[in-house]
Amino acid sequence: MQPITVSIEVNVPIQLVWKLWNEPGDIRNWNNISDKWHTPSAQNDLRPGGKLLLIMGLKDGGFSFDFEAVYDEVRTHEFISYTLTEGRRSEIQFTGTNPVTITETFEPNDNDPVAMQRDFCEAVLASFKKYAEKQQDNPSVA
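Residues numbered from 1 in each chain as written. Predicted model: local features only at pLDDT ≥ 70, side-chain atom pairs only at ≥ 80, totals over all residues. Heavy atoms only, no water.

J.: Got a minute to help me understand the packing of aromatic side chains in this structure?
T.: Describing an aromatic ring pair means giving the distance of the ring centres and the angle of the ring planes. In the structure shown here, the tally under the stated rule is 12 aromatic pairs. Relative to Phe 128, the ring of Trp 21 lies with its centre 5.1 Å away and its plane at 75°, an arrangement referred to as edge-to-face. With Trp 21 in helix H1 (residues 14-22) and Phe 128 in helix H3 (residues 114-136), this pair connects stretches of sequence that are 107 residues apart. Phe 128 matches Trp 21 in its accessibility class, with the two residues each being buried. A ring pair is formed by Tyr 71 and Tyr 82, whose centres lie 6.0 Å apart and whose planes are at 85°; its orientation type is edge-to-face. On the criterion of sequence distance, the pair formed by Tyr 71 in strand S4 (residues 64-75) and Tyr 82 in strand S5 (residues 79-84) is long-range, its members being 11 residues apart. Like Tyr 71, the residue Tyr 82 is buried in the burial classification. Ring-pair connections join several aromatic residues into one group, and the members of that group are Trp 18, Trp 21, Trp 30, Phe 94 and Phe 128. (Phe/Tyr/Trp six-rings, centres within 6.5 Å; stacked < 30°, edge-to-face > 60°. Helix = DSSP H or I, 4+ residues; strand = E, 2+ residues; numbered from the N terminus. Buried < 20%, exposed > 50% of the residue type's maximum accessible area, 1.4 Å probe, protein only.)

As C-alpha coordinates, this is what we get:
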(Lines give C-alpha, C1' and ligand atoms only; values in the text may rest on other atoms or scores of the structure.)
Protein backbone atom coordinates (compact mmCIF):
# COMPACT_ATOMS: atom_id res chain seq x y z
CA MET A 1 0.00 0.00 0.00
CA GLN A 2 1.23 3.49 -0.84
CA PRO A 3 2.38 5.71 2.04
CA ILE A 4 0.16 8.62 3.06
CA THR A 5 1.67 12.12 3.20
CA VAL A 6 0.08 15.14 4.88
CA SER A 7 1.50 18.62 5.57
CA ILE A 8 0.65 21.75 7.47
CA GLU A 9 2.30 25.14 7.89
CA VAL A 10 2.61 26.38 11.47
CA ASN A 11 3.33 30.06 12.10
CA VAL A 12 5.62 29.44 15.08
CA PRO A 13 9.44 29.35 15.39
CA ILE A 14 11.01 25.90 14.99
CA GLN A 15 12.30 25.85 18.60
CA LEU A 16 8.75 26.16 19.94
CA VAL A 17 7.34 23.74 17.34
CA TRP A 18 9.91 21.12 18.37
CA LYS A 19 9.20 21.57 22.09
CA LEU A 20 5.41 21.41 21.69
CA TRP A 21 5.59 18.43 19.32
CA ASN A 22 7.73 16.37 21.71
CA GLU A 23 6.94 17.31 25.33
CA PRO A 24 4.44 14.82 26.86
CA GLY A 25 2.52 17.57 28.66
CA ASP A 26 2.04 19.42 25.38
CA ILE A 27 1.26 16.26 23.39
CA ARG A 28 -1.66 15.57 25.76
CA ASN A 29 -3.04 19.02 24.89
CA TRP A 30 -2.94 18.85 21.08
CA ASN A 31 -2.92 15.17 20.05
CA ASN A 32 -6.59 14.76 19.11
CA ILE A 33 -8.88 14.95 16.10
CA SER A 34 -11.77 16.85 17.72
CA ASP A 35 -13.06 18.11 21.05
CA LYS A 36 -14.55 14.65 21.63
CA TRP A 37 -11.09 13.03 21.64
CA HIS A 38 -8.17 13.26 24.03
CA THR A 39 -4.76 11.80 24.86
CA PRO A 40 -4.89 11.10 28.59
CA SER A 41 -1.40 9.58 28.64
CA ALA A 42 1.77 10.46 26.72
CA GLN A 43 5.31 9.20 27.25
CA ASN A 44 8.14 10.22 24.95
CA ASP A 45 11.80 9.19 25.05
CA LEU A 46 12.96 11.15 21.99
CA ARG A 47 16.17 9.38 20.92
CA PRO A 48 17.02 6.51 18.58
CA GLY A 49 15.82 3.38 20.36
CA GLY A 50 13.57 5.44 22.66
CA LYS A 51 9.83 4.82 22.86
CA LEU A 52 6.77 6.91 22.14
CA LEU A 53 3.62 5.71 23.91
CA LEU A 54 0.32 7.54 23.55
CA ILE A 55 -3.11 6.46 24.74
CA MET A 56 -5.76 8.11 22.59
CA GLY A 57 -9.51 7.83 22.75
CA LEU A 58 -12.93 9.31 23.02
CA LYS A 59 -13.48 11.41 26.14
CA ASP A 60 -16.68 9.46 26.87
CA GLY A 61 -14.62 6.26 27.18
CA GLY A 62 -16.40 4.56 24.26
CA PHE A 63 -13.18 3.85 22.36
CA SER A 64 -9.44 4.08 22.97
CA PHE A 65 -6.22 2.71 21.56
CA ASP A 66 -2.50 2.64 22.30
CA PHE A 67 -0.08 4.21 19.83
CA GLU A 68 3.37 2.75 20.50
CA ALA A 69 6.54 3.22 18.48
CA VAL A 70 10.34 3.06 18.72
CA TYR A 71 12.37 5.93 17.29
CA ASP A 72 14.71 5.06 14.43
CA GLU A 73 16.19 8.50 13.75
CA VAL A 74 15.98 11.91 15.44
CA ARG A 75 17.57 15.07 14.02
CA THR A 76 16.70 18.02 16.27
CA HIS A 77 14.50 20.64 14.56
CA GLU A 78 14.58 18.63 11.29
CA PHE A 79 13.42 15.03 11.22
CA ILE A 80 11.91 12.18 13.24
CA SER A 81 11.29 8.61 12.12
CA TYR A 82 9.86 5.72 14.08
CA THR A 83 8.49 2.22 13.66
CA LEU A 84 5.18 1.27 15.22
CA THR A 85 4.89 -1.97 17.18
CA GLU A 86 3.12 -3.64 14.22
CA GLY A 87 6.01 -2.71 11.91
CA ARG A 88 4.59 0.28 10.05
CA ARG A 89 6.97 3.24 9.61
CA SER A 90 6.38 6.96 9.93
CA GLU A 91 8.54 9.99 9.15
CA ILE A 92 8.02 13.60 10.18
CA GLN A 93 9.97 16.35 8.41
CA PHE A 94 10.20 19.89 9.85
CA THR A 95 11.09 22.46 7.16
CA GLY A 96 11.77 26.16 7.73
CA THR A 97 12.35 28.16 10.88
CA ASN A 98 9.26 30.45 11.05
CA PRO A 99 6.88 29.43 9.66
CA VAL A 100 7.58 25.70 9.87
CA THR A 101 6.09 23.15 7.49
CA ILE A 102 5.46 19.79 9.14
CA THR A 103 5.20 16.91 6.68
CA GLU A 104 4.22 13.48 7.97
CA THR A 105 4.52 10.39 5.79
CA PHE A 106 3.31 7.06 7.15
CA GLU A 107 2.46 3.57 6.06
CA PRO A 108 -1.30 3.04 6.41
CA ASN A 109 -2.75 0.09 8.26
CA ASP A 110 -4.70 -2.59 6.38
CA ASN A 111 -7.86 -2.30 8.47
CA ASP A 112 -9.09 1.27 7.88
CA PRO A 113 -9.84 3.14 4.64
CA VAL A 114 -6.89 5.21 3.42
CA ALA A 115 -9.03 8.36 3.25
CA MET A 116 -10.02 7.92 6.91
CA GLN A 117 -6.37 7.52 7.95
CA ARG A 118 -5.38 10.61 5.95
CA ASP A 119 -8.25 12.63 7.47
CA PHE A 120 -7.26 11.48 10.99
CA CYS A 121 -3.66 12.61 10.49
CA GLU A 122 -4.74 15.92 8.94
CA ALA A 123 -7.03 16.58 11.91
CA VAL A 124 -4.21 15.89 14.38
CA LEU A 125 -1.88 18.24 12.49
CA ALA A 126 -4.60 20.93 12.43
CA SER A 127 -5.01 20.51 16.19
CA PHE A 128 -1.24 20.89 16.64
CA LYS A 129 -1.23 24.08 14.52
CA LYS A 130 -4.07 25.60 16.55
CA TYR A 131 -2.38 24.69 19.86
CA ALA A 132 1.11 25.85 18.78
CA GLU A 133 -0.07 29.19 17.40
CA LYS A 134 -2.09 29.81 20.57
CA GLN A 135 0.98 28.98 22.73
CA GLN A 136 3.07 31.48 20.79
CA ASP A 137 0.65 34.19 21.89
CA ASN A 138 1.33 33.24 25.54
CA PRO A 139 4.57 35.05 26.55
CA SER A 140 5.26 32.59 29.38
CA VAL A 141 5.51 29.70 26.89
CA ALA A 142 7.22 31.19 23.84
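Structure's up, so let's keep going.
J.: What am I meant to see in the pairing of S4 here?
T.: Side chains on a regular strand alternate between the two faces of the sheet. Two elements, strand S3 (residues 51-58) and S4, share 7 bridges in a ladder whose sense is antiparallel. Each bridged residue has a counterpart across the sheet, and for Ile 55 the counterpart in S4 is Asp 66. Count of turn residues in the S3/S4 antiparallel hairpin: 5 residues, of which Gly 61 carries a positive phi of about 80°. As paired strands, S4 and S5 are joined by 6 bridges and run antiparallel to one another. For Val 70, the partnering residue across the bridge sits in S5 and is Thr 83. Hairpin connection between S4 and S5: a loop of 3 residues separates the two successive antiparallel strands, and His 77 in this loop has a positive phi of roughly 65°. (Pairing = 2+ DSSP bridges.)

J.: Please explain the pattern of salt bridges as it appears in this structure.
T.: When charged atoms on two side chains of opposite charge get close, those side chains can pair. The tally for this structure, following the rule as stated, stands at 9 salt bridges. In this structure, Glu 91 engages Arg 89 in a salt bridge whose closest nitrogen and oxygen atoms are separated by 3.6 Å. For Glu 91, a relative accessible area of 34% translates into the label partly exposed. (Salt bridge = Lys/Arg side-chain N within 4 Å of Asp/Glu carboxyl O.)

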